Amino acid sequence: MMEADGTLVSGPFQKVPLSQLDFSGQPYSVSVLKVGYCQSQTDGTFRADGTITLINGPKTVLVDTGGPWDRDFLLVSLKDRGLDPGRVNLVVGTHGHSDHIGNLGLFPNSLLIVGYDVSEGDTYRPNQLAQGQAYFVDEHISVVPSPGHTGQDVSVQVKGTSEGTVLVAGDLFECCSDEDSWRDLSLNTAVQEISRQEALRTADVIIPGHGAPFRVIRKR
Ligand SMILES: [Fe+2]
């Protein structure tokens, strides 16, 4: 149900669209470099690109890289922030779709987490993501399994921002008002519903894969 101000009521949660793209914090701040989109065309095709998010602090973390067509945009966006690809410690691909992991090749020296694969160069590290366990980057950032859209989605949870806990969620959420659309894009709606409810229980702000950030308000 949508209210006049765009607020969406979903069970015990309200989802409130936000216009801000930067969330300051200590020690980590979160910046949306590009807001993803998904638009159906009259010829039956879709135009789509995934949200690109930068987490800056003791470590530099990029969550999703957009499609291959975003290469120059990504390089310029990093440069504008005084960064080059070699300074990015960790690149997370929330899942293996082309509009989210199109520029992994810019980061050959970064730790890569793509779905449930954790790798550094050609070395793959054992992890428990497939068993439902988070991968802790440090005490503030963790990569959490959030399957359903595909079989191996992950989200990145950042604690301690000025807005509370931010979840960079990939396509766990398409956008703030996706109640009519996410199921059509889901490999397993029952599994994704569980992942979505967990996200709504634990995050204060969610950055979705194809739309602007939104705030989660939990009703008492
Ligand atoms: Fe996707």
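The structure under discussion appears in the preceding block.
On a predicted model such as this, the values are computed, not experimentally measured, just so you know.

A.B. asks: Provide a residue-level description of the coordination of the iron ion, including the pertinent values.
C.D. replies: Around the iron ion, the protein contributes the donor atoms H95 (NE2), H97 (ND1), H149 (NE2) and D171 (OD), at 2.2 to 2.4 Å from the metal centre. For the iron ion, the four donor atoms are set out with angles of 88 to 177 degrees between them, so the coordination reads as irregular. Ordering the donors of the iron ion by residue number gives the pattern H-x1-H-x51-H-x21-D. In this pair, H95 sits in the loop between strand 9 (90-93) and strand 10 (111-114) while D171 sits in the loop between strand 16 (164-170) and helix 2 (189-202), placing the two residues 76 residues apart along the sequence. Exposure class is identical for H95 and D171. Each is buried.

A.B. asks: Can you lay out the pattern of salt bridges for me, pointing to particular residues and giving the numbers?
C.D. replies: Tallied over the entire structure, the rule returns twelve salt bridges. Linking R196 and D178 is a salt bridge whose minimum nitrogen-to-oxygen distance equals 2.8 Å. Highlighted residues: R196 in helix 2 and D178 in the loop between strand 16 and helix 2, separated in sequence by 18 residues. Grouping residues by exposure puts R196 and D178 together as buried.

A.B. asks: Break down the pairing of strand 9 for me, with residues and values.
C.D. replies: Each regular strand carries side chains that alternate between the two faces of the sheet. In strand 9, alternate side chains face the same way, and those of L90 and V92 on one face and V91 and G93 on the other are all buried. Relative to strand 9, strand 8 (residues 60-63) is paired through three bridges, and the arrangement is parallel. Within strand 9, the position partnered with L62 by the bridge is V91. Following the chain from strand 8 across helix 1 (residues 71-80) to the adjacent parallel strand 9, one finds a crossover that is right-handed. For strand 9 and strand 10, the ladder comprises four bridges, and the chain directions are parallel. Across the sheet, V91 pairs through a bridge with L112, a residue of strand 10.

Each value, and the rule that gives it
Residues numbered from 1 in each chain as written. Predicted model: local features only at pLDDT ≥ 70, side-chain atom pairs only at ≥ 80, totals over all residues. Heavy atoms only, no water. Donors = N, O, S within 2.8 Å, 3.2 Å for Na, K, Ca; no water. Tetrahedral: all angles 85-135°; square planar, octahedral: opposite > 155°, others 65-115°. Helix = DSSP H or I, 4+ residues; strand = E, 2+ residues; numbered from the N terminus. Buried < 20%, exposed > 50% of the residue type's maximum accessible area, 1.4 Å probe, protein only. Salt bridge = Lys/Arg side-chain N within 4 Å of Asp/Glu carboxyl O. Pairing = 2+ DSSP bridges. Right-handed = clockwise from strand over helix to strand, strands pointing away.

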